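Remarks on the overall topology
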Amino acid sequence: MPEKRLPLGFVFRSRAKEEKAAVADKAPLTDSKQPRDPQAPKGRPTPKRSVAQSQRRSVANTSMTRKEAAKRQRDERRAQMERQRQALAGGDERYLPARDKGPVRRFARDFVDSRFNVAEWFLPMAVVILVLSMVRVASLQSMALLLWLVVIVLIVLDSIVTGFRLKKRLAERFPDENRRGAVAYALMRSLQMRRLRLPKPQVKRGARP
């Protein structure tokens, strides 16, 4: 039986249809009806309107939450500063700054406040000495210089005695507590006038702390 041959044009048309079908299968499927958002990254589908609105609402809520958190932090700082101010005036241990907290620091304050300190009169005496030194009288200027030296020697001696006694009392009363820096803390307090000290003195002069 003789072999039936197909027309040459029919063979070429069949191959062209097969190639077009293969290219169509490999091409990515795109939704031509939905326009691409110009703000959307390239290569990613444009989000739907409901999704975009929800994203914008979440961003707005997040920014409001940050504002509220910052406002809350400012209010807390103000309240803490007010509590510390009241504690410095009244001696409430709960709200005192860290440098003033603890039984060791409280005892050091009471020890200084219960006695007379030469150093607390340093500023008034310094003003008097300065005035005397400005007067153009040789005798007064010599007196001012001598008085200045006497004040410095008295402050140094008083600070040494105060530090030695306080260190001994702290070791006896608080053997297991951290006493580091307590003596220096007390000596710095003794340089201030009694009415200007913070926290305010809680004991009278001459009282035993």
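Look up: the structure comes first, before these words.
Residues numbered from 1 in each chain as written. Predicted model: local features only at pLDDT ≥ 70, side-chain atom pairs only at ≥ 80, totals over all residues. Heavy atoms only, no water.

Between helix H3 (residues 103-113) and helix H5 (residues 138-173), the shortest axis-to-axis distance is 11 Å and the interhelical angle comes to 140 degrees. When the axis of H3 is compared with that of H5, the two are oblique. Where H3 crosses over H5, the handedness of that crossing is right-handed. Touching Val 104, Phe 107, Ala 108 and Phe 111 of H3 are Thr 162, Arg 165, Leu 166, Arg 169, Leu 170 and Arg 173, all from H5. Partitioned by chemical class, the residues of the contact of H3 with H5 number six nonpolar, one polar and three charged. (Axes fitted to C-alpha atoms, helices over the stretch in contact; angles between N-to-C directions. Helix = DSSP H or I, 4+ residues; strand = E, 2+ residues; numbered from the N terminus. Parallel < 35°, antiparallel > 145°, perpendicular 65-115°, else oblique. Left-handed = near helix turned anticlockwise from the far one by under 90°. Contact = heavy atoms within 4.5 Å. Nonpolar A, V, L, I, M, F, W, Y, C, P; charged D, E, K, R; others polar.)

On to unusual backbone geometry, then. Leaving glycine aside, a negative phi is the common case for residues, and trans is the common case for peptide bonds. Leu 198 connects to Pro 199 through a cis peptide bond whose omega is -5 degrees. Looking at the secondary structure, you find Pro 199 in the segment after helix H6 (182-190).

As a further point, take the packing of aromatic side chains. Taken as a whole and judged by the stated rule, the model has three aromatic pairs. Across from the ring centre of Tyr 185, 4.9 Å away, lies the NZ or CZ of Arg 105, which sits over that ring. (Phe/Tyr/Trp six-rings, centres within 6.5 Å; stacked < 30°, edge-to-face > 60°. Lys NZ or Arg CZ within 6 Å of the ring centre and 35° of its normal.)

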